[in-house]
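Structural features, examined
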Amino acid sequence: MDKRVDMSVQIADLRLKNPVMPASGCFAFGKEMADWYDLSLLGAIVVKATTLEPRLGNPTPRVAETPGGMLNAIGLQNPGVEKVIGEELPHLRKYDLPVIVNVAGTAIEDYVETAKRLSDSGYADALELNISCPNVKCGGIQFGVDPIVAAELVSHVKAAIKVPLIVKLSPNVTDIAEMARAVEAAGADAISMINTLVGMSIDIAKRKPLIAIETGGLSGPAVKPIAVRMVYQVAQAVKVPIIGMGGIMNGEDAIEFMMAGASAVAVGTANFVDPYACPNIIAQMETWCREHDVERVADLTGVARKQGGFLVADRIR
Amino acid sequence: MDKRVDMSVQIADLRLKNPVMPASGCFAFGKEMADWYDLSLLGAIVVKATTLEPRLGNPTPRVAETPGGMLNAIGLQNPGVEKVIGEELPHLRKYDLPVIVNVAGTAIEDYVETAKRLSDSGYADALELNISCPNVKCGGIQFGVDPIVAAELVSHVKAAIKVPLIVKLSPNVTDIAEMARAVEAAGADAISMINTLVGMSIDIAKRKPLIAIETGGLSGPAVKPIAVRMVYQVAQAVKVPIIGMGGIMNGEDAIEFMMAGASAVAVGTANFVDPYACPNIIAQMETWCREHDVERVADLTGVARKQGGFLVADRIR
Amino acid sequence: MTIWKVTDHVAIADQMMRLTMEAEGELPDYRPGQFLHIRVTDGFDHLLRRPISLCLVEPDTKQLTIVYRISGKGTKLLSEKRKGDRLDVLGPLGQSFPIHTGDRHALLIGGGIGVPPMLELAKQLAGKGIRVTTIVGFQSAKQAILIEELSAYGEVLVATNDGSLGRQGLVTEYMTDGLLALADRFYACGPSPMLSAVQRVMQDKVDGYLSLEERMGCGIGLCAGCVHKAKLPDGTVGYRKVCKEGPVFPAQEVVFHG
Amino acid sequence: MTIWKVTDHVAIADQMMRLTMEAEGELPDYRPGQFLHIRVTDGFDHLLRRPISLCLVEPDTKQLTIVYRISGKGTKLLSEKRKGDRLDVLGPLGQSFPIHTGDRHALLIGGGIGVPPMLELAKQLAGKGIRVTTIVGFQSAKQAILIEELSAYGEVLVATNDGSLGRQGLVTEYMTDGLLALADRFYACGPSPMLSAVQRVMQDKVDGYLSLEERMGCGIGLCAGCVHKAKLPDGTVGYRKVCKEGPVFPAQEVVFHG
Ligand SMILES: Cc1cc2nc3c(=O)[nH]c(=O)nc-3n(C[C@H](O)[C@H](O)[C@H](O)COP(=O)(O)OP(=O)(O)OC[C@H]3O[C@@H](n4cnc5c(N)ncnc54)[C@H](O)[C@@H]3O)c2cc1C
Ligand SMILES: Cc1cc2nc3c(=O)[nH]c(=O)nc-3n(C[C@H](O)[C@H](O)[C@H](O)COP(=O)(O)OP(=O)(O)OC[C@H]3O[C@@H](n4cnc5c(N)ncnc54)[C@H](O)[C@@H]3O)c2cc1C
Ligand SMILES: Cc1cc2nc3c(=O)[nH]c(=O)nc-3n(C[C@H](O)[C@H](O)[C@H](O)COP(=O)(O)O)c2cc1C
Ligand SMILES: Cc1cc2nc3c(=O)[nH]c(=O)nc-3n(C[C@H](O)[C@H](O)[C@H](O)COP(=O)(O)O)c2cc1C
Ligand code: FES
Ligand code: FES
């Protein structure tokens with residue numbers, strides 16, 4: 001009964017006291033959540049996407065409900081890297097946990113500049129590179145869907161920063177393993193996945209899309225099988241650790257991602273349903289481990305992979 | 001009150017009395033469903049994938065439940081084209097509706113041969129080319145994810161048959177509009193979409209995937225926002241009609257697909273939840289049209305697209 | 001997150017429901033204009049909570065009442081809750097209508113589902129000795145709600161679009177210079193076009209507050225889903241979070257166009 | 001698709017529930033060994049129905065009873081149904097256990113959640129004057145079900161894995177040559193390893209039927225999700241649909257390995 005489970009995990013240079021962190025964009029910059037519980041309970045914190053210049057974001061409606069999920073099109077609203085460093089990040093140093101800052105951009109130059117300033121600020125323990133924006137607006141370059149441009153971006157950013165670099169992959173691609181291999185080769189210290197799937201809902205009474213800019217990113221339990229499959233696939237393609245996410249609502253979901261190959265997990269949409277989602281998931285994972293005689297949660301990483309497992313891509317359906 | 005709604009739609013040469021058909025693989029060859037209602041109620045019928053040789057299919061478990069959806073990995077089980085023509089299709093001639101036969105294969109040659117025999121048999125009013133198998137087993141050629149090989153396959157099959165050719169697209173691609181343009185240029189008379197998304201669920205108690213061959217195809221309401229987005233996107237990229245599907249559970253869902261740009265819809269997973277799903281959806285669509293003063297259901301096709309609409313791919317998120 | 005027990009749930013007008021619930025533990029802090037963020041069903045079928053204003057609180061019996069319209073799937077599911085069911089609720093959340101104790105006369109303006117928050121506000125204003133006049137607007141008599149309840153705290157002026165009850169037209173019909181001259185402050189809640197019209201009429205005449213509605217993701221400031229254009233502290237215009245910085249904003253800060 | 005009303009729902013052993021329901025209209029046709037395909041919740045949260053064997057039918061009162069184990073999410077949701085709730089059910093579906101009126105003695109073999117269908121079968125066999133002996137197997141006494149009910153129709157022999165009730169071991173422990181010599185026919189339902197063992201023991205000795213379990217998609221022959229290897233009419237081995245061609249198959253047709 002009183003057995004203690006070792007909940008700590010390692011992601012690149014970061015030692016996390018447990019494998020659970022909020023997903024970027026689902027936790028703002030942490031201040032709001034700190035009203036609900038002590039953030040030091042978390043394994044790490046991943047804050048909202050930061051860009052070089054302030055971003056207003058998209059018009060509303062920005063969110064819509066879908067079966068088992070939701071669409072969002074926030075549009076990277078943020079006050080810009082200067083204010084993020086000056087006003088948003090310092091308070092997080094009060095807590096005992098690594099701070100991971102999500103970095104977005106439109107071209108290699110602004111990505112690099114933003115990343116460098118964050119790395120130099122001393123307020124970011126790692127950066128998460130958001131290349132998941134399959135968006136022509138992003139300077140016309142599809143960082144998230146083309147392995148060659150993704151690799152180029154990653155290597156430039158990597159060269160400019162001192163903290164570990166996590167690269168966040170988009171699921172809106174034909175071959176996610178290829179993307180993962182490319183960013184690993186270019187210097188990514190870890191991979192986080194998945195960002196949202198591009199989706200749309202139509203308000204049939206109004207005969208137009210529910211989201212103001214038409215499409216949005218799909219997240220929540222609906223996408224979990226796709227996310228688990230991709231983590232499983234990427235875990236067999238690369239050696240760097242994976243932070244898995246996409247529809248995690250409870251401890252069992254988190255364990256499913258670890259078994260698929262993730263070394264840690266991130267929780268997004270669940271925070272909207274229940275503000276205590278992250279601490280609950282940590283507790284549920286620990287209980288599950290205790291009840292199933294798992295001494296170190298890290299031992300679960302990748303156990304669902306068959307002995308002598310074949311590459312899943314070789315025999316899909 | 002007594003206004004009649006014109007429910008008929010046109011897909012290539014086929015005139016359908018209403019826009020609803022069962023999706024391939026979710027209706028077997030029609031015999032089982034005929035125990036529940038008169039198949040003549042349907043707009044058309046799409047039967048199970050047919051291959052040149054008999055296929056045993058995959059080991060079990062072949063199905064698993066996911067949040068708002070399901071995974072399947074049936075593996076194209078079918079008795080082979082000879083038996084399909086001899087034993088499975090003739091009974092469908094009893095009903096007043098076009099019969100669409102789904103054709104699968106592993107290389108151009110067997111696709112062409114299967115399609116030709118079905119076309120010559122007189123029992124198929126159209127063929128649906130299943131190129132959605134992102135599978136190295138399929139002769140090593142990824143028909144569903146490479147526009148060039150897809151186009152080559154389509155043009156060969158098209159040349160060999162006399163009936164209209166519908167090409168079914170896979171959603172597991174970076175750019176579905178590119179695939180659509182390629183198969184249209186190669187001679188597709190219509191496009192059906194989407195097939196299932198590759199997914200996985202892990203049984204954490206057993207520490208292994210729930211589906212025997214590990215991954216399966218995700219279908220059901222969970223995928224609807226992805227399917228609607230893709231239909232919306234493809235409707236702006238091609239001129240041929242689209243048969244939309246992916247998570248349609250009721251008349252409103254069907255209307256959502258029509259508004260996104262589909263000319264007809266197919267219903268898969270919903271048949272498993274409720275055997276009367278298709279006739280119910282037809283009735284619900286008709287009621288909705290009557291209540292919203294829509295005289296011809298065909299008028300709904302594409303109305304969600306903005307006037308002077310931009311290409312959705314240009315500004316995703 | 002508090003669990004409440006449904007103690008009463010009835011239809012009070014066309015598609016309008018009144019739900020009364022009782023706190024299982026302590027009655028949480030509450031102020032007029034705040035909202036509850038309600039989980040309408042378990043499981044993953046309908047993930048996001050639905051924001052509904054608190055309408056009336058009876059602290060003695062720990063009862064809290066909301067009034068809502070069945071507008072879509074979420075409120076439809078909510079309407080299926082039965083007496084005795086338990087309700088998973090966050091809040092009351094958000095910024096409330098500030099009460100200025102020096103005021104003598106307050107003008108309350110509610111349109112449609114913007115009427116419910118006016119009841120608790122009217123009660124609290126009246127309790128502070130502030131005279132209350134409430135203008136309420138509805139599509140038609142069929143949708144009219146809470147007129148009697150509001151009358152307990154002051155005069156109620158009714159407008160309907162089709163003239164089936166009270167004066168025909170919009171709430172702004174009543175906003176004559178005569179009435180405005182008497183008012184120290186106004187409080188308004190309703191659809192955007194109404195709030196925008198109220199803001200225009202009141203401009204430079206009466207100070208007041210607007211309570212905004214936006215589709216919400218989280219309701220607690222995490223997602224930036226619920227933003228509305230407003231003046232920022234530094235004077236520029238930007239998006240502010242309705243759930244956390246609102247739903248109530250000083251009227252002159254809200255930006256409706258551009 | 002029929003709607004049934006839940007008239008009784010109780011736990012009868014560890015994680016084992018007994019649910020009785022009443023047809024709202026006519027009692028549909030039913031035969032022993034068939035199953036009901038049950039929607040465990042509305043909405044899209046849990047899409048697929050769950051197959052549960054019919055356990056007992058009381059035609060006079062139009063009551064039908066099922067007995068099931070809470071094994072996962074679906075049966076958990078089912079277990080939350082309360083008396084008075086309505087249940088959306090397809091069926092009874094599938095091929096039943098054929099009753100051979102010339103038989104004198106039938107051997108029934110049920111393991112775990114394979115025991116419930118034996119009750120209606122025993123009742124109908126006994127009703128035809130056929131003597132019934134039932135062997136039931138459970139993990140342990142805690143999971144034992146329906147022993148008393150089955151005893152009404154003939155002798156019941158009990159085996160448990162841990163010896164906490166009846167003989168320790170598997171149901172095959174009881175299948176001595178002596179017993180088999182007396183039996184004209186056998187009927188078995190239970191987990192695959194048990195059915196495979198029964199098939200081996202019975203081979204060339206007694207004719208009978210096996211009722212198979214597979215994960216189902218549709219339950220009505222549409223999806224080919226539920227297949228099991230079996231001899232086809234043409235003599236070759238292929239996959240046959242458990243929901244439509246089964247769940248009951250002649251024992252010699254079922255193929256367990258290869
Ligand atoms: C702070 C706040 C307080 C509110 N108080 C009340 C109240 O006291 N009584 C009441 O009846 N309603 C109130 N609403 C509106 C209520 O939240 C929506 O009607 C409800 O969320 C609709 O959900 P649905 O799933 O039923 O409809 P949906 O199917 O989601 O939508 C149906 C219609 O409602 C609109 N809608 C959806 N979400 C919102 C939203 N957050 N704000 C405004 N419109 C929306 C949609 O655009 C659509 O036209 C309030 C909203 C906010 C933001
Ligand atoms: C024809 C038929 C008759 C049945 N009769 C009964 C009965 O009378 N009483 C009873 O308790 N159970 C019966 N079952 C088994 C019952 O259907 C499963 O236990 C149930 O579907 C599990 O659903 P779940 O969502 O609770 O569990 P899940 O979370 O889906 O799975 C929990 C466990 O149950 C297993 N399981 C899931 N589906 C099936 C299935 N279709 N068949 C076998 N195992 C499955 C899984 O492999 C897993 O180990 C029958 C099954 C069939 C096919
Ligand atoms: C409202 C919202 C905003 C998001 N913003 C960001 C973001 O700024 N940067 C990013 O990399 N991912 C962002 N995401 C994606 C999430 O971090 C996460 O990858 C995705 O939602 C899947 O996880 P979930 O299903 O647990 O939500 C956002 C997701 C949501 C729902
Ligand atoms: C059990 C099952 C079997 C399927 N078999 C086929 C098939 O043989 N050929 C094919 O093109 N699509 C097949 N599909 C895909 C469906 O036709 C459809 O594209 C997909 O399920 C999305 O629609 P839905 O969400 O309404 O089910 C199958 C789907 C399911 C669920
Ligand atoms: S609803 Fe999420 S920030 Fe307001
Ligand atoms: S469960 Fe679908 S064919 Fe048997």
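Worth saying up front: this structure is predicted, and the values here are computed from it rather than measured. (Residues numbered from 1 in each chain as written. Chains lettered and ligands numbered in written order. Predicted model: local features only at pLDDT ≥ 70, side-chain atom pairs only at ≥ 80, totals over all residues. Heavy atoms only, no water.)

Our next topic: the overall build of chain A. If you tally the helices and strands in chain A, you get 9 helices and 16 strands. Taking 2.2 N^0.38 as the reference for a compact globule, 317 residues should give roughly 20 Å; the C-alpha atoms of chain A span a radius of gyration of 18 Å, in line with that estimate. Seen through its principal axes, chain A has C-alpha atoms that stretch 50 × 45 × 40 Å. Restricting the contact set of chain A to residue pairs at least 6 apart, pairs at least 24 apart contribute 72%. Carbon and sulfur atoms make up 50% of the accessible area of chain A, which totals about 10300 Å². In chain A, 30 side chains carry a positive charge and 36 a negative one; their mean positions are 3 Å apart. (Helix = DSSP H or I, 4+ residues; strand = E, 2+ residues; numbered from the N terminus. Rg over C-alpha atoms; globule rule 2.2 N^0.38 Å. Contact = heavy atoms within 4.5 Å. Areas by Shrake-Rupley, 256 points an atom, 1.4 Å probe, with all protein chains shown as cover. Lys, Arg positive; Asp, Glu negative; His and termini not counted. Charge placed at Lys NZ, Arg CZ, Asp CG, Glu CD.)

The next subject is the site of ligand 3. Within the structure, ligand 3 sits among 23 residues, and Ser24(A), Lys168(A), Gly220(A), Gly247(A) and Thr269(A) are positioned closest to it. Among the chains of the assembly, those with residues near ligand 3 are chains A and C. The separation between an oxygen atom of ligand 3 and a polar side-chain atom of Asn102(A) is 2.9 Å. For ligand 3, an oxygen atom lies 2.9 Å from a polar atom in the backbone of Gly220(A). Taking 600 Å² as the accessible area of ligand 3 by itself, protein coverage stands at 99%. Of the residues contributing to the shell around ligand 3, the split by class is 8 nonpolar, 13 polar and 2 charged. (Near = heavy atom within 4 Å. Polar contact = N/O pair within 3.5 Å; in protein donor to acceptor, adjacent residues only side chain to side chain. Nonpolar A, V, L, I, M, F, W, Y, C, P; charged D, E, K, R; others polar.)

With that settled, consider the environment of Cys189(C). All names here are of chain C. Inspection of the secondary structure assignment puts Cys189 in strand β12 (residues 185–189). Judged by relative accessible area, which is 3%, Cys189 ranks as buried. Ignoring anything within four residues of it in the chain, the contact list for Cys189 reads Ile109, Gly110, Gly111, Gly114, Pro117, Met118, Met194, Leu195 and Ser211. (Buried < 20%, exposed > 50% of the residue type's maximum accessible area, 1.4 Å probe, protein only.)

Let us look at the side chain of Gln199(D). Topologically, Gln199(D) is positioned in helix α5 (residues 192–202). Setting aside residues up to four positions removed in sequence, Gln199(D) forms contacts with Leu210(D), Ala251(D), Val254(D) and Phe256(D).

All names here are of chain C. Applying the stated criterion across every chain, the model contains 10 aromatic pairs over all chains. Ring centres 5.7 Å apart and planes at 20° place the aromatic pair Tyr187 and Tyr209 in the stacked group. A residue pair is termed long-range when its members are at least 10 positions apart, and Tyr187 in strand β12 and Tyr209 in strand β13 (residues 208–211) qualify at 22 residues. We classify Tyr187 as buried; its relative accessible area is 0%. Judged by its relative accessible area of 11%, Tyr209 falls in the buried class. (Phe/Tyr/Trp six-rings, centres within 6.5 Å; stacked < 30°, edge-to-face > 60°.)

Okay, the site of ligand 4 next. Residues in contact with ligand 4 amount to 23 residues; listed here are only the nearest, Ser24(B), Lys168(B), Gly220(B), Gly247(B) and Thr269(B). In this structure, ligand 4 is bordered by residues of chains B and D. Lys48(B) is positioned with one of its side-chain polar atoms (N or O) 3.1 Å from an oxygen atom of ligand 4. Here an oxygen atom of ligand 4 and a backbone polar atom of Ile194(B) are 2.9 Å apart. Protein contacts shield 99% of the accessible area of ligand 4, which totals 600 Å² for the unbound molecule. Split into classes, the residues belonging to the shell around ligand 4 amount to 8 nonpolar, 13 polar and 2 charged.

For the rest of this paragraph, the subject is the environment of Pro22(A). All names here are of chain A. Residue position: Pro22 is located in strand β3 (residues 20–22). Distance in space between the C-alpha atoms of Pro22 and Val101 is 12 Å, their sequence separation being 79 residues. Leave out the neighbours within four places in its chain, and Pro22 touches Phe27, Leu42, Ala44, Ile45, Val46, Ala266, Val267, Asn271 and Cys278.

All names here are of chain A. Counted under the stated rule, the structure contains 1 cavity of 30 Å³ or more. The volume enclosed by the largest cavity comes to roughly 40 Å³. Met21, Pro22, Ala23, Ser24, Val46, Ile100, Glu128, Ile166, Ile243, Met245 and Ala266 together form the lining of the largest cavity. Looking at the lining of the largest cavity, its residues break down into 9 nonpolar, 1 polar and 1 charged. (1 Å grid on protein atoms, 1.4 Å probe; cavity = no way out; pocket = protein on both sides within 12 Å on 5 of 7 lines; lining within 4 Å. Points joined across faces, edges and corners; volume = space filled by probe spheres on them.)

Residues and elements named next belong to chain A. Those residues of helix α5 (residues 176–185) that sit buried are Ile176, Ala177, Met179, Ala180, Ala182 and Val183. Against α4 (147–160), β9 (165–168), β10 (190–193) and α6 (224–235) lie the buried residues of α5. The backbone nitrogen of Ala177 lies 3.2 Å from a side-chain oxygen of the residue at the head of α5, namely Asp175. Once α5 ends, the next one or two residues include Gly187, with phi positive near 120°.

Moving on: the packing of α5(A) against α6(A). Between two packed helices, what matters for the description is the angle formed by their axes and the separation of those axes. All names here are of chain A. Put simply, α5 and α6 touch, their axes get as near as 9 Å, and they point 50° apart. Relative to α6, the element α5 lies oblique. For the crossing formed where α5 meets α6, the hand is right-handed. Of the residues in α6, those in contact with Ile176, Ala177 and Ala180 of α5 are Met230, Gln233 and Val234. Per-class residue counts for the contact of α5 with α6 are 5 nonpolar, 1 polar and no charged. (Axes fitted to C-alpha atoms, helices over the stretch in contact; angles between N-to-C directions. Parallel < 35°, antiparallel > 145°, perpendicular 65-115°, else oblique. Left-handed = near helix turned anticlockwise from the far one by under 90°.)

So, about the pairing of strand β9 (residues 131–138) of chain C. Residue and element names in this part refer to chain C. Counting buried positions along β9 gives 7 out of 8 residues, so the element sits mostly inside the fold. Pairing between strand β8 (residues 105–111) and β9: 7 bridges, direction parallel. Counted as the bridge partner of Ala106 is Val132 from β9. Of the pairings in the sheet, the one linking β9 to strand β10 (residues 154–160) comprises 7 bridges and is parallel in character. Note that in β10 the partner of Gly137 across the bridge is Ala159. (Pairing = 2+ DSSP bridges.)

Here we take up unusual backbone geometry. Most of the time, phi is negative for any residue but glycine, and the peptide bond is trans. Here the residue pair Thr60(A) and Pro61(A) is connected by a cis peptide bond, since its omega of -5° sits within 30 degrees of zero. Tracing the sequence through the fold places Pro61(A) in the loop between β4 (45–50) and β5 (63–66). Omega for the bond connecting Gly246(C) with Pro247(C) falls within 30 degrees of zero, at 5°, which places this linkage in the cis form. With respect to the helices and strands, the residue Pro247(C) is situated in the loop between β15 (237–241) and β16 (248–250). In this model, Ala12(B) sits at a positive phi of 50°, which is unusual for a non-glycine residue. Structurally, Ala12(B) can be placed in the loop between β1 (9–11) and β2 (14–16). In this structure, Ala224(D) takes a positive phi of about 60° despite not being glycine.

What follows concerns the domain arrangement of chain C. Residues and elements named next belong to chain C. Assigned domains within chain C: domain 1 (2–93), domain 2 (97–210) and domain 3 (214–258). If you average the C-alpha positions of domain 2 and of domain 3, the two centres end up 22 Å apart. Each partner contributes to the interface: domain 2 provides 10 residues, whereas domain 3 provides 9 residues. Both faces combined, the contact of domain 2 with domain 3 buries some 760 Å², and carbon together with sulfur accounts for 58% of it. Summed over the shared surface of domain 2 and domain 3, the result is 0 salt bridges. Taken together, domain 2 and domain 3 are joined by 4 residue pairs in polar contact (both at pLDDT 80 or more). Breaking the side of domain 2 that touches domain 3 down by element, the ones donating at least two residues are α5 (192–202) and β13. (Domains from an automatic or database assignment. Buried area = accessible area lost by both parts, 1.4 Å probe. Salt bridge = Lys/Arg side-chain N within 4 Å of Asp/Glu carboxyl O.)

Further remarks concern the packing of helix α3 (residues 108–121) of chain B against helix α4 (residues 147–160) of chain B. All names here are of chain B. Where α3 meets α4, the closest approach of the two axes is 9 Å, and the angle between their N-to-C directions is 30°. Between α3 and α4, the crossing angle belongs to the class labelled roughly parallel. Seen along the crossing, α3 lies across α4 with a hand that is right-handed. Residue-level contacts link Ile108, Tyr111, Val112, Ala115 and Lys116 of α3 to Glu152, Leu153, His156, Val157 and Ala160 of α4. Looking at side-chain class alone, the contact of α3 with α4 contains 7 nonpolar, 1 polar and 2 charged residues.

Right, let's talk about α6(A) for a bit. Residues and elements named next belong to chain A. For α6, spanning 12 residues, the distance from its first C-alpha to its last is 16 Å, which sits close to the expected 16 Å at 1.5 Å a residue. Counting buried residues in α6 gives 11 out of 12 residues, a clear majority hidden from the surface. Restricting attention to buried positions, one finds in α6 the residues Lys224, Pro225, Ile226, Ala227, Val228, Arg229, Met230, Val231, Tyr232, Gln233 and Val234. (Expected span 1.5 Å × (residues − 1).)

What follows concerns the pattern of salt bridges. Think of it this way: side chains of opposite charge can pair up when their charged atoms draw near. Taken as a whole and assessed by the stated rule, the structure comprises 48 salt bridges over all chains. Among the salt bridges present, the one from Glu65(B) reaches Arg50(D), with a minimum N-O distance of 3.3 Å. Of the two residues, Glu65(B) is situated in strand β5 (residues 63–66) and Arg50(D) in strand β4 (residues 50–53); the pairing between them involves two chains. Taking the relative accessible area as the measure of exposure, Glu65(B) reaches 15% and is therefore buried. Salt bridges sharing common partners tie together Glu82(A), Glu113(A) and Arg117(A).

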